[in-house]
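Below, each chain spelled out in residue letters.
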Amino acid sequence: MRKSTMTTEIRTADKTSIRVRFAPSPTGTLHIGGARTAYFNWLFARQNQGKVILRIDDTDISRSSEASYRQILDSFAWLGLDFDESPEVGGAYGPYRQSQRTEIYQAYLRKLQEEGLTYPCFCTPEELQKERETAQKEGRAPRYSGRCRHLAPEEAARRIEAGERAVFRLKTDVHGETTVHDLIRGDVTFQNEEIDDFIIWKADGTPTYHFASCVDDVEMRITHIIRAEEHLSNTPRHIQLFQAFHAEIPVFAHVPMILAPDRSKLSKRHGATSVEEYREAGILPEALVNYLLLLGFSPGENREIVSREEAIECFRLERVAKHAAVYDVKKLEWLNQYYFRTRSVDQLLYEMWPGLLEKAWVSTEESREKLAWLRTLLQFLQQKSRQEADVWNMLECYFRPPVSYDDKGVKKHFQHSETAQRLRQLADLLATLPVFAAWPLEQLYRQTSEQIGCKAADLIHPTRLALTGITVGPGLFDVMTLLGRKECHNRLLEAANFIEKSN
RNA sequence: GGCCCCAUGGUCAAGCGGUUAAGACACCGCCCUUUCACGGCGGUAACGCGGGUUCGAGUCCCGCUGGGGUCACCA
């Protein structure tokens, strides 16, 4: 266990190396807002050959869970964001879970006590609550009165001795002002009289978030704090803490929040908010990460498609937007569609393989012919899809005949009085082709339509419906080639029967 | 309510004193076509309001309005 806790003087030694951190609390899934903040941290560090640290803020043990922690790790792994130091990979400044750092916090508290920068407060939560309410009613700021600050030290000591519950508050400066140097927003100044003596140590003997976070940022030599905008108002408190620790104050960057389409805070009722949900919905990590970058940052040159590697090059913290951004799923889906079609078929095949096995559409010892066929099939389907689910939807008919025909399709393509007869005719003609391939098939269809005196489309659409049961898919002649002569023949006849039966 | 941040089309977002105010998504046409997509072409659509400063303001300043954040023994 680390014992040397007051290490501020060492900081100057490795001043040049940038260290940033992402510090989620493991109380749920990874939120897309958090994912974006983490991504910006990651980009900034990678661009500057710095280090990204994953720290787990689990001081609230009752709300934290191991499952949530695993989930967050999973999400990051999926997104392709790695950490240089974390509970998993370790590092020189561990442990990286706040729940395992109590001794360090205690040491910092003790130091503050010795320097007289903190004092015990015996006010009960009820009293404070009442005070806040009356202040609110009278139009005053709901701040702590500072009552216990002036308690005689002897009395304070006596009451603690007597076992009275106490919290510890920081003695903040009453006069002057505190300026936050923010890379995104510039200098933001707060009057110190606005900051009350906030609690740094809870009555249950654990540190508050503000305290633990600042201690860790000092201990872990964090140089840049890149976090969500909601912390901007808390920053003067943190600065006062850093000053109380005689520590160097990190550089800040408060990234804007992500809003729901109604401009309110993004929540569950607006649909998917976690990385995990998007993953399950078939969104690709490349697409999500790309979209998150675009939300609040412009790579310039009218670029929309930006990989992680490209983002490392062009990202500039100073150019991150100051205003909150509304989340637009449509653009995410557009990006996803792009990435989905651009990636390799073999990767798609690999990812779909377990599902294919499960459906028994393939076996572990598949012939090379079947594999080649499957690969070609996926290649065609991929180009008609926006995501994997679309491929699955179109896939079934290549492994078994359609059990039903699309309703709208039936109304549109199976109504003509001669359809059944035409399908039978086509079924017979298939046997005449020397090679069952796309080009000769197309010739056959065009010639036949001419002979019949109808449009080629009048043959093509019913055939597609007959063969696949649906009205969408790759070009018909590719579909037929993939299906094979015999299967096409059978399905055309089955469809003809179906039409005659239902008339 | 105090304090803080923010404000260009429906959404993201260029612009950083002089532009016909980019581009992308979405939407609407048209083209391509064998369906759905993709692709191509075109279109609708924005500087919240009011004062200044300036020869000139989306760009600078002030006010207002609106939105957001924060003021917890949550993080």
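Refer to the structure printed above.
Residues numbered from 1 in each chain as written. Chains lettered and ligands numbered in written order. Predicted model: local features only at pLDDT ≥ 70, side-chain atom pairs only at ≥ 80, totals over all residues. Heavy atoms only, no water.

Student: Whenever I open this one, the packing of helix 18 (residues 456–468) against helix 19 (residues 476–483) confuses me. Can you help?
Tutor: Angle between the axes and distance between the axes: these two values describe a pair of packed helices. Across the interface, helix 18 lies against helix 19 with an axial gap of 10 Å and an inter-helix angle of 35 degrees. In this structure, helix 18 crosses over helix 19, and the sense of that crossing is left-handed. Judged by residue contacts, Ile460, Thr463, Arg464, Leu467 and Thr468 of helix 18 engage Leu476, Phe477, Val479, Met480 and Leu483 from helix 19. Among the residues making up the contact of helix 18 with helix 19, the classes are represented as seven nonpolar, two polar and one charged. (Axes fitted to C-alpha atoms, helices over the stretch in contact; angles between N-to-C directions. Helix = DSSP H or I, 4+ residues; strand = E, 2+ residues; numbered from the N terminus. Left-handed = near helix turned anticlockwise from the far one by under 90°. Contact = heavy atoms within 4.5 Å. Nonpolar A, V, L, I, M, F, W, Y, C, P; charged D, E, K, R; others polar.)

Student: Can you walk me through the packing of aromatic side chains in this structure?
Tutor: How two aromatic rings sit relative to each other is set out by the distance from centre to centre and by the angle between their planes. Applying the stated criterion to the full structure yields 18 aromatic pairs. Here the aromatic rings of Tyr108 and Phe245 are separated by 4.9 Å at their centres, their planes lie at 85 degrees, and the arrangement is edge-to-face. Remark: Phe245 occurs in the loop between helix 7 (235–244) and strand 9 (251–255) and Tyr108 occurs in helix 3 (residues 102–114); sequence separation between them is 137 residues. The exposure class of Tyr108 is buried, given its relative accessible area of 0%. By relative accessible area, Phe245 is classed as buried at 3%. Considering the side-chain rings of Trp361 and Phe399, the 4.7 Å spacing of their centres and the 5 degrees angle between planes classify their relative orientation as stacked. Residue Trp361 is located in the loop between helix 12 (345–358) and helix 13 (368–382), and its partner Phe399 is located in the loop between helix 14 (388–395) and helix 15 (407–413); the two are separated by 38 residues in the primary sequence. We classify Trp361 as buried; its relative accessible area is 9%. Under the relative-accessibility criterion, Phe399 is labelled partly exposed at 22%. Cluster of aromatic residues (ring-pair linked, three or more members): Tyr108, Trp201, Phe211 and Phe245. The residue whose ring lies beneath Arg97 is Tyr69, and the NZ or CZ to ring-centre distance is 4.2 Å. (Phe/Tyr/Trp six-rings, centres within 6.5 Å; stacked < 30°, edge-to-face > 60°. Buried < 20%, exposed > 50% of the residue type's maximum accessible area, 1.4 Å probe, protein only. Lys NZ or Arg CZ within 6 Å of the ring centre and 35° of its normal.)

Student: Would you explain the side chain of Arg169 in this entry?
Tutor: With respect to the helices and strands, Arg169 occurs in strand 4 (residues 167–170). A distance of 2.7 Å separates the side chain of Arg169 from the backbone oxygen of Asp197, its partner in a polar contact. Apart from the residues lying within four places of it in its own chain, the contact partners of Arg169 are Leu117, Thr118, Tyr119, Cys121, Leu128, Tyr144, Asp197, Phe198, Ile199 and Ile200. (Polar contact = N/O pair within 3.5 Å; in protein donor to acceptor, adjacent residues only side chain to side chain.)

Student: Help me out: how do you make sense of the nonpolar core in this one?
Tutor: One broad rule of soluble globular proteins: the nonpolar side chains tend to lie buried together. Ranked by internal contacts, the top residues of the largest apolar core, which has 104 residues, are Phe76, Leu79, Leu288 and Met480. Among the elements that line this core, the one with the most residues is helix 1 (residues 32–47), at nine residues. Counting residues in each nonpolar core, the second largest holds 32 residues, with Phe168, Ala244, Ala247 and Phe252 among its members. (Core = buried A, V, L, I, M, F, W, Y, C linked by side-chain atoms within 4.5 Å.)

Student: Explain the layout of surface pockets here, please?
Tutor: Here the largest pocket is characterised by a volume of approximately 1,100 Å³. Taken together, 33 residues make up the lining of the largest pocket; nearest its centre are Ala23, Pro24, Ser25, Glu230 and His231. Elements with a contribution of two residues or more to the lining of the largest pocket: strand 1 (19–22), helix 1 and strand 8 (224–228). Tallying contributions element by element places helix 1 first for the lining of the largest pocket, with four residues. (1 Å grid on protein atoms, 1.4 Å probe; cavity = no way out; pocket = protein on both sides within 12 Å on 5 of 7 lines; lining within 4 Å. Points joined across faces, edges and corners; volume = space filled by probe spheres on them.)

Student: Help me out: how do you make sense of the packing of helix 16 (residues 419–430) against helix 18 in this one?
Tutor: Running from N to C, helix 16 and helix 18 cross one another at 80 degrees; their axes reach a closest spacing of 10 Å. Here helix 18 runs roughly perpendicular to helix 16, going by the angle between their axes. Contact residues: helix 16 offers Thr419, Arg422, Leu423 and Leu426, while helix 18 offers Asp458, Leu459, Pro462, Thr463 and Ala466. Considered class by class, the residues forming the contact of helix 16 with helix 18 number five nonpolar, two polar and two charged. (Parallel < 35°, antiparallel > 145°, perpendicular 65-115°, else oblique.)

Student: I tried to follow the protein's contact with RNA strand B on my own but got confused; where do I start?
Tutor: Taken together, 64 residues lie around RNA strand B, and Arg185, Lys202, Asn302, Arg341 and Lys384 are the ones closest in. Each atom of RNA strand B within 4 Å of the protein was assigned to sugar, phosphate or base; sugar and phosphate come to 67%. At 3.5 Å from a phosphate oxygen of RNA strand B is found a side-chain nitrogen or oxygen belonging to Arg319. One of the side-chain nitrogen or oxygen atoms of Lys331 is found 3.2 Å away from a base nitrogen of RNA strand B. Mapped onto the surface near RNA strand B, the elements with two or more residues apiece are helix 4 (125–137), strand 6 (186–191), helix 6 (209–219), strand 11 (325–326), helix 11 (329–342), helix 18 and helix 19. Counting residues per element, the surface near RNA strand B draws most heavily on helix 11, at five residues. In terms of residue class, the surface near RNA strand B is made up of 22 nonpolar, 19 polar and 23 charged. (Near = heavy atom within 4 Å.)

Student: Please explain empty space enclosed by the protein as it appears in this structure.
Tutor: Evaluated as defined, the whole model comprises two cavities of 30 Å³ or more. The space that makes up the largest cavity amounts to roughly 40 Å³. Together, Leu381, Met394, Cys397, Tyr398, Arg464, Thr468, Ile470, Val472, Gly473, Pro474 and Val479 line the largest cavity. In the lining of the largest cavity, the residues fall into eight nonpolar, two polar and one charged. Lining the second largest cavity are Thr419, Arg422, Leu423, Leu426, Asp458, Leu459 and Pro462. In terms of residues, the lining of the second largest cavity owes the most to one element, helix 16, which gives four residues. Among the residues forming the lining of the second largest cavity, the class breakdown is four nonpolar, one polar and two charged.

Student: What exactly am I supposed to notice about helix 16 here?
Tutor: Between its terminal C-alpha atoms helix 16 stretches 17 Å, which fits the 16 Å expected from twelve residues at 1.5 Å a residue. Of the residues making up helix 16, those classed as buried are Thr419, Ala420, Arg422, Leu423, Leu426, Ala427 and Leu430. The arc enclosing the buried residues of helix 16, seen along the axis, measures out at 160 degrees, which places them on a common side. Away from its buried face, by an angle of more than 90 degrees, helix 16 presents the exposed residues Gln421 and Asp428. On its buried face, helix 16 sits against helix 15, helix 17 (438–452), helix 18, helix 19 and helix 20 (485–502). (Expected span 1.5 Å × (residues − 1). Arc of directions from axis to C-beta.)

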